[in-house]
Amino acid sequence: MTPRTNAMVWRLVVPVALAVLPLSLAAQSGAQRTPDDILKAQGYQTPPGELADAVTAKRYLNVSLTSPSPDKKWFVDEIGDGPVLMKTFAKPFHELGGLFVDHKANRSRTLTIRNNVGIQLISAADGTRKPIQVPAGARVSNATWSPDSKSVAFFVHGEDATHIWVADAATGAARQATKTPVLATLVTTFEFTQDGRQIGTVLVPDARAAMPQMPAAPPGPTVKLAMESDKNRLRTFPSLMSTPYEEQLLEWHATGQLALVDVAKGSVRKIGAPAMIRAIDLAPDGRYARVTRMLRPFSYDVPVANFGQIEEIWDDSGKVLAKVSDRPINLGVQDDAPNPDPQAPPQGGGGGRGGQQTGKREVAWRTDGQGLTFVEQEPAAARSPAGQANRGGAPAPADDQPPAGGRRGAGGGDQAPPRKDRVYQWLPPFDAASQKVVYENPTRISGHRYSPDMQILFFSERAGQNALESAVYLNDTTKKYTLARYRADDVYANPGTLVSTRGTGGGGGRAGGAGGRGGGGGTGPVQLSADGTSVFFMGTAYDRNPNEVAPKAFVDRISIRTGEKERIFEGENNGIAERVAVVIDPDARKFVLSRESPKEVPQNHLLDGGRRVQLTKNVDPHEDLTMAKVEKFVAERADGFRFRVKVTLPPDYRAGTRLPALFWFYPREYSSQEEYDRPDRTSNKNDFTAFNQRSMEYFVRLGYAVVSNDAPIIGPQGQMNNNYINDLRNNLAATIDELDRRQIIDRQRLAIGGHSYGAFSTVNAMVHTPFFKAGIAGDGAYNRTLTPIGFQTERRDLWEAPNVYLGMSPFLYANNLTGALLMYHGLADQNVGTDPTNSIRLYHALNGLGKPTALYLYPLEDHGPATRETLLDLWARWGAWLDKYVKNPQKADPRKTTTNEQPSVVR
C-alpha cells in the first residue's frame, strides 16, 4: 500500500472471478433468494434475521465495572454503539510501516475507528448512573480519572481534530480543555499531574509546515540491503515503508509539541521543541517528564515499531537532563522463545533478541515526588579468557547468572559469580551522582513496588519455577520478609497477586514502583491494612477436580513480618462463578464482585460486610443460546491421546436426532498429554458463555450442531509439527466417531472452518481427509514456503525442516481437496504471514482444478472483520454456502464425475 490514501487498498487488481465487494450496500430484494443468489451477488449482503440479530445484538450496552475512581466511589464507563460502519472505516488514512494515520484529524486511525458514543459514571454504592456531557455527534475515548477523583478527562474526536475535554464528576458538565488540536499519532494517551490541575499531552506544533506531497515521478528504486553476517530472521511483515517520501511523511506525522495544559484555564505551557515523541510519562508535579523519542535511520525491512528510540528525562523547559535508555533499530528477530500465537501481529516492536533486559529496568516516578525509582543489575565482573567469555573486554550477557539448580555452562572454565540486583532512587538533577541505592538483593528481582508512604519495598524473585514474594522495610534493609513462597507452575498453591491502592491485583495509575512505561511485575502502590502491618493478596483457588469443584475467588490478609495469613473473603462456587473486580476497603471487607452462572449474564455486585447490592443490569443478548443444549465430552484418538470436545445444539434438540454439523477449530501444539491437560485445571464450569459477532454457535439457530473440538498436535519440544498431518486426521476422526456414536451428527452433512491458523488447518483437513462436504477458511496462510523463517510455534526454518513445511502446505495438495471451500480475506490483513496472496493463489489453483470454491475479498478489513457491513455479509455468505453444500446439498448428476469424488485415504 502507498501512504496516499486507503483508496488503493480496495482497488487491488484481482481476477473478475473473485468476489471483491464494493463500498456500497447492496439493495436487498423482498423476494426469496436462493443460496446461489447470495453467493453470486455483488455488494454487501444481509443474512437471515436469525443471524443478523446475532451480529447486531446490543451486547455493547452491558457494563463491566473495571475503571474505579481513585477514591473508589464511582466507575467510569464508555458507552458503545456496535460495530463500526464502513463509511467511518473508509475515511482516508496513511499507512506507514504498520503505523496508520488519519491524516485529516492528526490521529492514529485506531482512534477514528475504535471509539464510543458516550460516557457515564456508575456509583459503587448503589449502581446509580450519571451521564457525562459530550458534544452532540462526537465520538469519545480514553476516559481518565483525575488523581483527586473530581474530574474525568477524555478525547473528543471530530472529523478534522482531536481535543481533550474535562468533565466535573459531580455534575457531569464538561468543557473543552485544549485549544490547539492533539497530535495523537504516536502518543495516543494523555496524563494528569498529581494535583489534577494540568494534563500532559502532545499537540500539533505551531506554524507546522504543510504535509509533504508525493512527488510527481518516482525518485528511484526501493533499496534494501542485507550485507551483515548476522542472521536477521525477519518476520513476513505485511506493512513496510518503501520510499524516501514515506520517510518524510512519517517524520511529519510523528513530530509533535510536548505541552502541559492548564485544566481550569486552558492555557498551554510548551515543553521543549517539537520532536518525534513516541511516549511521555509526567512526574507527579509536572516539573519533569520521561520522554521517548523515535530516531532515524528508518528502515524498509521492519515496521515503525522496530525503529530506534531514546528515552530521556526533560525538565519543564524541555532541557534534556539525562538519558534513561536507548534502543537501536531492531533489524531482526531471533525467535528463540516460543510464542503462543505467532500469527498475531508483533507486539512491542515485533520481538527482540534473546536474553534479559539490560540497563535500567522498571523505571517509574515515585509517588512521593522524590524523583525516579528503577532497578539495575550490578556490572558484570571481567572474566578470564579461559572462561570463553568477554574477550577483548566485551560486556557480559545480561543473563549470565547460573540458573536454579546449577551453574551456567559446561566443559569447565571460569563461571561468572551471581550479580546483585539494586533498587535505586534517582533525584534531580538526574546525573550519576544523584543515584542512590535503596536496596540490594543477591538475585534478580522483578515487579518492584512500594507502600503508599514509600517506606516498604515489595518485589518478586524467580529461580526456575520457584517463586518468592518479599517485602523489605527501608529503615532496616538487613531483613527480608517472605509474603509467599510457591512454585509458579503449581496453580493450586498460587497465592494470587498483591492488591494495589486502586483496589486491583497489580494496581493501576502511577506506581511509585514498577509502573509507567518501564514495565515490571506490577503497578500502583501496594494497599496496606489500616494498621500498616499487613498486605492483601487476591486470586483464585482451584480444586484438583475442577469438573466437580469449581474455583473460588479469594482475598487474603498477610502479615508482613510474620507471614500469617487470614482469608477475609472467599467467593461462591456452588453454581455461581464469583470474582473480585475491585477491592474497595479490605479492612471493612467491602468489595465489588462479578457474579455469573452458565445461565445468568455477568453482573457486578457490591459486597459490604454481609450486604449485597446489585450495581449493573446487564441483559443476556442471546437467551436462546444460553438455553441451548451443550454436550461436553472427552474423545480418544487411536493412539490413546484424549482431548476435549464441546457441541452446541439447538434449544429444542431431541436426543438421537442427527444434525448437519459445523466444526470450528484452531489446532495447538503440546509436548505431552500432561501439558495438554494443564489448562483444564483452571477452567470454571460455572462461567457464562459470552458470544461475539463471529461466534459460530449462532448456526444452531438454523438447525446445525456446532462442534468446538480441540485439535492437539503432539511431539517433542521443537519438533511438534512432525506429527501435524497424522494428529490432525486422528483428532477429527475420533471426534466424528464419538459424535456418530452419540447419534448427534449426520456424517454425510459435515462442514469445517476456522480463522487464521484455523483456516490453514481447515484446508489441510479438506485435502487430507474425506470427511467434509464444505469448508469456511478466513484470513489464512496456505503455502508455508511463503513463511520460510517460522510460523506459529514452529522455530525451524524451511531449510532445516523442508518436509514439515511442504507437508503442512495444503496449497501443494489442492488436487486432493474434497468438498467445497469458501475463503474470505481482508485486503488490509496486517497479520504476520497471512498476506491475501495466500487466498488469491489458492483460489486460482482450485478453480483451475475444477474444485467448487469461492473467495470474498473485503476492502480495508484487517486480520478479522470489523465493520457492520462486512460482518453481516460474511454471515450471509457463510449461511448460503452451508445451505448449498451441507444442509440441503444438490444431488450429483450421475452422468458427471469430478475429481473431488475421489476421497483421500486416511491413514
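Residues numbered from 1 in each chain as written. Predicted model: local features only at pLDDT ≥ 70, side-chain atom pairs only at ≥ 80, totals over all residues. Heavy atoms only, no water.

A.B. asks: Teacher, can you tell me more about the overall build of the protein chain here?
C.D. replies: Check the secondary structure of the protein chain and you find 12 helices and 45 strands. Going through the 907 residues of the protein chain one by one, you find that 53% of them count as buried. For the protein chain, restricting intrachain contacts to residue pairs at least 6 apart in sequence, the fraction spanning at least 24 positions comes to 63%. On the protein chain, roughly 39000 Å² of surface is accessible, and the fraction owed to carbon and sulfur atoms is 50%. (Helix = DSSP H or I, 4+ residues; strand = E, 2+ residues; numbered from the N terminus. Buried < 20%, exposed > 50% of the residue type's maximum accessible area, 1.4 Å probe, protein only. Contact = heavy atoms within 4.5 Å. Areas by Shrake-Rupley, 256 points an atom, 1.4 Å probe, with all protein chains shown as cover.)

A.B. asks: Looking at this structure, I do not really get the sheet that holds strand β26 (residues 466–473). What am I missing?
C.D. replies: In sheet architecture, strand pairing relies on hydrogen bonds along the backbone and comes in two forms, parallel and antiparallel. Strand order in the open sheet formed by four strands is β24-β25-β26-β27, and the pairing between neighbours is antiparallel. Whereas interior strands pair on both sides, the edge strands pair on one side only; in this sheet they are β24 (445–450) and β27 (481–487). Neighbouring strand axes in the sheet, compared pairwise and without regard to direction, differ in orientation by 15° on average. (Pairing = 2+ DSSP bridges. Axes fitted to C-alpha atoms, helices over the stretch in contact; angles between N-to-C directions.)

A.B. asks: Any chance you could explain the nonpolar core here in plain terms?
C.D. replies: One broad trend across soluble globular proteins is that nonpolar side chains are buried collectively. Formed by 59 residues in total, the largest nonpolar core has its most connected members in V647, F663, F772 and L821. With near-sequence residues (within four places) excluded, L821 lies in contact with V763, M766, G775, I776, A777, L842, L846, P852, T853, A854 and W881. F89, F100, A774 and W881 belong to the second largest nonpolar core, which has 44 residues in total. (Core = buried A, V, L, I, M, F, W, Y, C linked by side-chain atoms within 4.5 Å.)

A.B. asks: Looking at this model, I keep getting lost on the packing of helix α2 (residues 49–56) against helix α12 (residues 868–887). Mind explaining?
C.D. replies: Axes are the key here: two packed helices are described by the angle between their axes and the distance separating the axes. The contact between α2 and α12 brings their axes to 10 Å, and the two run at 150°. By the criterion of interaxial angle, the relationship of α2 to α12 is roughly antiparallel. In this structure, the crossing between α2 and α12 has a hand that is right-handed. Residue-level inspection shows L51, A52, V55 and T56 of α2 in contact with α12, the latter providing R868, L871, L872 and W875. For the contact of α2 with α12, the class distribution of residues is six nonpolar, one polar and one charged. (Parallel < 35°, antiparallel > 145°, perpendicular 65-115°, else oblique. Left-handed = near helix turned anticlockwise from the far one by under 90°. Nonpolar A, V, L, I, M, F, W, Y, C, P; charged D, E, K, R; others polar.)

A.B. asks: How should the sheet that holds strand β32 (residues 577–585) be read in this particular structure?
C.D. replies: Taking strand neighbours across the sheet as the criterion, the four strands line up as β32-β33-β34-β35 in an open arrangement whose pairing is antiparallel. Edge positions in the sheet fall to β32 and β35 (611–614), since each has one partner strand and no second. Geometrically, the sheet is characterised by an average inter-axis angle of 25° between neighbouring strands, direction not taken into account.

A.B. asks: Would you explain the side chain of Q792 in this entry?
C.D. replies: Among the structural elements, Q792 can be located in the loop between β43 (774–778) and α10 (802–807). On the basis of relative accessible area, Q792 is assigned to the buried category, the value being 2%. Here Y666 takes part through its side chain, which lies 3.2 Å from a polar atom of the side chain of Q792. (Polar contact = N/O pair within 3.5 Å; in protein donor to acceptor, adjacent residues only side chain to side chain.)

A.B. asks: Explain the packing of aromatic side chains here, please?
C.D. replies: The description of two aromatic rings rests on the distance between their centres and on the angle between their planes. Under the definition given, this model contains 27 aromatic pairs. Their ring planes at 45° and their centres at 5.2 Å tell us that F569 and F591 sit as a pair that is tilted. In this pair, F569 sits in strand β31 (residues 565–570) while F591 sits in strand β33 (residues 590–597), placing the two residues 22 residues apart along the sequence. The residues F569 and F591 share a single accessibility class, namely buried. Considering the side-chain rings of Y757 and F760, the 5.0 Å spacing of their centres and the 35° angle between planes classify their relative orientation as tilted. Of this pair, Y757 and F760 both sit in helix α9 (residues 757–768), separated by three residues, roughly a single helical turn. Looking at Y757, the relative accessible area reads 0%, which means it is buried. On the basis of relative accessible area, F760 is assigned to the buried category, the value being 0%. Ring pairs connect the aromatic residues W664, F691, Y698, F699, Y704, Y824, W875 and W878, which therefore count as one cluster. Sitting over the ring of Y450, R366 keeps its end group 5.5 Å from the ring centre. Here the basic side chain of R784 rests over the ring of F760, its NZ or CZ set 4.4 Å away from the ring centre. (Phe/Tyr/Trp six-rings, centres within 6.5 Å; stacked < 30°, edge-to-face > 60°. Lys NZ or Arg CZ within 6 Å of the ring centre and 35° of its normal.)

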